[in-house]
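# Structural features, examined
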Amino acid sequence: MAVRDRIEVLEQPAEQRKNNFNEVALGYNYDMAKEEAKRCLQCKVPTCISGCPVGIDIPGFIREIVKENLEGSFKILKSYNYLPAICGRVCPQEVQCEGACVLSKVGKPINIGALERFVADWASENNVQFENTEYSKEIIIKNNKKRVAIIGSGPAGLTVASELGKRGYQIDIYEALHEFGGVLIYGIPEFRLPKSIVKKEIFDLEKLGVNFLKNIPVGYAIPVHEILEDYDAVFVGVGAGTPKFMGIPGSELNGVYSANEFLTRVNLMRAYKFPEYDTPIRVGKKAVVVGGGNTAMDAARSALRLGADVTIVYRRTEAEMPARKAEIHHAKEEGIKILTLATPVKYVGDENGNLIAIECVRMELGEPDESGRRRPVFVNGSNFIIEADTVIEAIGTEANKFLLSQFPDLKTNKYGYIITNEYGQTSIPKVFAGGDIVTGSATVILAMGAGKSAAQGIQKFLED
Ligand SMILES: Cc1cc2nc3c(=O)[nH]c(=O)nc-3n(C[C@H](O)[C@H](O)[C@H](O)COP(=O)(O)OP(=O)(O)OC[C@H]3O[C@@H](n4cnc5c(N)ncnc54)[C@H](O)[C@@H]3O)c2cc1C
Ligand code: SF4
């Protein structure tokens, strides 16, 4: 049987979008969504479901689109995934649901992410609410006496809040920053994930009675022992937001940023709207971004939109880049250059302490490392210079060790991430954890999946 072509989503043209922060992918209209939904073979044993970390009934929600029952489709989605408008936009579908779709063997897989986004956006535009009828009034009233603290409002914490909130628990969610959403707010830029969408999905949680507390860095503004004393259970979902640095000569020069600082200024503080918003950002004419993950792509594409000519420097080849394929494609379309098999070894400054150039060295791929990817090794004597007045290091992040050290007897692994069982329970029985603080930097949907399991663990702990 011939497989019909996949319906591609509408997009802002590259020439236009590189001058603005508006969303790049414009999604489907209703006709396009129906056409794409009709391509789904409705497999008896759907492999796509096993590719989704939260096991969404994918053929089920797609079937309802074909039947023009968008409300029914939304209910199916929302019963598995509390943040479908977000996951539909940022999941690395090529290695998750779409990578597991049978059509990917003979042509292009169903555009599951775009269909999920379409349904979620439709529900939001039409003010369709997801009513939770799963729990009886008795269960909700009984649970209401139990208090759970959630530390961190990223996708992991938000998922625990939604799962336990709908079961009637009293939830306080503590967030260090002045806005909720974790990386969804301060990391992923507006042109990939509009903040209005994140806020809308979070607003739905407030309706469940979840108590949102902002500007409270736990362990600093409030001691950990107080949280442990005051609550029946605690969920730690603080992510892995501490940036790693190259630590090479010249790191102190003006123009050297961590991606964390750069993206926080741009996204959380809206520096791209300076002076309407009062946080400035300085991007010169030639920016270099070091790294190959989503963070590197986001930083590079933000710097481009702020007027710089941008080169990404990555120590492996494009095939090993961990970023979503769509972002690499979009970055290239927008004119960002990618220099592979190279890494900076020194930043060079002028007499005023401003970055003017980067000394790099060529790399080649050696034996595979523990991640299975071939390890990059230096090619001796291959040093060369790139002119640059801005460099953004996006080489990874790690756990906040100070916060974790305040939990008595909390076991962590050799990388400093929290050790848990499959239900997110840590070495302290009433403390659960999930998301990047357990796995290291991963994905939104994996953090949500961990939040779901931890919510089950907390429920079992409190109800047994
Ligand atoms: C720039 C960037 C782009 C990304 N792009 C994608 C993508 O396209 N697709 C994808 O699937 N994944 C992407 N990721 C990864 C994804 O965002 C993370 O895996 C996910 O957000 C982890 O969720 P989390 O809830 O564990 O933590 P986070 O999202 O990191 O949230 C943790 C929250 O805890 C708060 N916090 C920390 N310490 C404290 C404290 N002491 N007290 C109170 N609050 C605290 C933080 O302020 C933060 O709000 C990206 C990550 C980055 C950085
Ligand atoms: S949540 Fe992510 S992995 Fe699951 S179906 Fe949606 S886009 Fe695919």
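Residues numbered from 1 in each chain as written. Chains lettered and ligands numbered in written order. Predicted model: local features only at pLDDT ≥ 70, side-chain atom pairs only at ≥ 80, totals over all residues. Heavy atoms only, no water.

As annotated in an unreviewed UniProt entry, the chain carries the name Glutamate synthase (NADPH), homotetrameric and is attributed to Fervidobacterium nodosum.

### Examining the overall build of the chain
Tallying secondary structure elements over the chain gives 18 helices and 18 strands in all. Expected size for 464 residues packed as a compact globule is a radius of gyration near 23 Å; at 23 Å, the chain falls within 12% of this value. Dimensions along the principal axes, computed over C-alpha positions, put the chain at roughly 70 × 60 × 50 Å. The contacts in the chain between residues at least 6 apart in sequence include a share of 68% that link residues at least 24 apart. Accessible surface for the chain amounts to roughly 20,600 Å². Of this, 52% is attributable to carbon and sulfur atoms. Between the mean site of the 55 positive side-chain charges and the mean site of the 59 negative ones, the chain shows a separation of 3 Å. (Helix = DSSP H or I, 4+ residues; strand = E, 2+ residues; numbered from the N terminus. Rg over C-alpha atoms; globule rule 2.2 N^0.38 Å. Contact = heavy atoms within 4.5 Å. Areas by Shrake-Rupley, 256 points an atom, 1.4 Å probe, with all protein chains shown as cover. Lys, Arg positive; Asp, Glu negative; His and termini not counted. Charge placed at Lys NZ, Arg CZ, Asp CG, Glu CD.)

### A few points about the pattern of salt bridges
Taken as a whole, this structure holds 31 salt bridges when the rule is applied. Across the pair K337 and D309 runs a salt bridge whose closest N-O atoms are separated by 2.9 Å. Note that K337 is positioned in strand β11 (residues 337-339) and D309 in strand β10 (residues 309-313), a separation of 28 residues in sequence. The residue R324 makes a salt bridge to E327 at a minimum N-O spacing of 2.4 Å. Judged by relative accessible area, which is 9%, R324 ranks as buried. The buried category is assigned to E327, whose relative accessible area is 3%. Connected through salt bridges with shared partners, the residues R17, R192, D298, R301, R305, R324, E327, E333 and E334 form a single ionic network. (Salt bridge = Lys/Arg side-chain N within 4 Å of Asp/Glu carboxyl O. Buried < 20%, exposed > 50% of the residue type's maximum accessible area, 1.4 Å probe, protein only.)

### Here's the deal with the site of ligand 1
Residues in close proximity to ligand 1 total 35 residues, the closest being V90, E175, R192, V218 and D436. Between V183 and ligand 1, the recorded distance is 3.0 Å, taken from a backbone N or O atom to an oxygen atom. Backbone polar atom of T443 to an oxygen atom of ligand 1: 3.3 Å apart, as the coordinates give it. Of all elements in the fold, only α9 (155-166), α14 (294-305) and α18 (444-463) reach the threshold of two or more residues within the shell around ligand 1. A per-element tally of the shell around ligand 1 places α14 first, with three residues. Looking at the shell around ligand 1, its residues break down into 19 nonpolar, 11 polar and five charged. A domain-level breakdown of the shell around ligand 1 finds at least three residues from each of domain 2 (137-241 + 399-463) and domain 3 (245-397). (Near = heavy atom within 4 Å. Polar contact = N/O pair within 3.5 Å; in protein donor to acceptor, adjacent residues only side chain to side chain. Nonpolar A, V, L, I, M, F, W, Y, C, P; charged D, E, K, R; others polar. Domains from an automatic or database assignment.)

### Regarding the UniProt feature "domain: Dihydroprymidine dehydrogenase" (unreviewed entry) in the chain
As recorded in UniProt, the feature "domain: Dihydroprymidine dehydrogenase" (unreviewed entry) lies at residues 17-127. Between the end C-alpha atoms of residues 17-127 the distance is 29 Å, and the span holds 50% helix and 3% strand. (UniProt positions renumbered as here; feature names shortened; annotations may be inferred.)

### Concerning the sheet that holds strand β16 (residues 390-393)
Pairing is parallel across the open sheet formed by five strands, whose spatial order is β8-β16-β9-β10-β11. The sheet is open, and its two borders are formed by β8 (256-258) and β11, each paired with just one other strand. Direction aside, the axes of adjacent strands within the sheet are offset by 25° on average. With four bridges connecting them, strand β9 (residues 286-290) and β16 associate as parallel partners. Counted as the bridge partner of V289 is I392 from β16. Sitting on the sheet, α14 is in contact with β9, β10 and β16, with an inclination near 165° to β10. (Pairing = 2+ DSSP bridges. Axes fitted to C-alpha atoms, helices over the stretch in contact; angles between N-to-C directions.)

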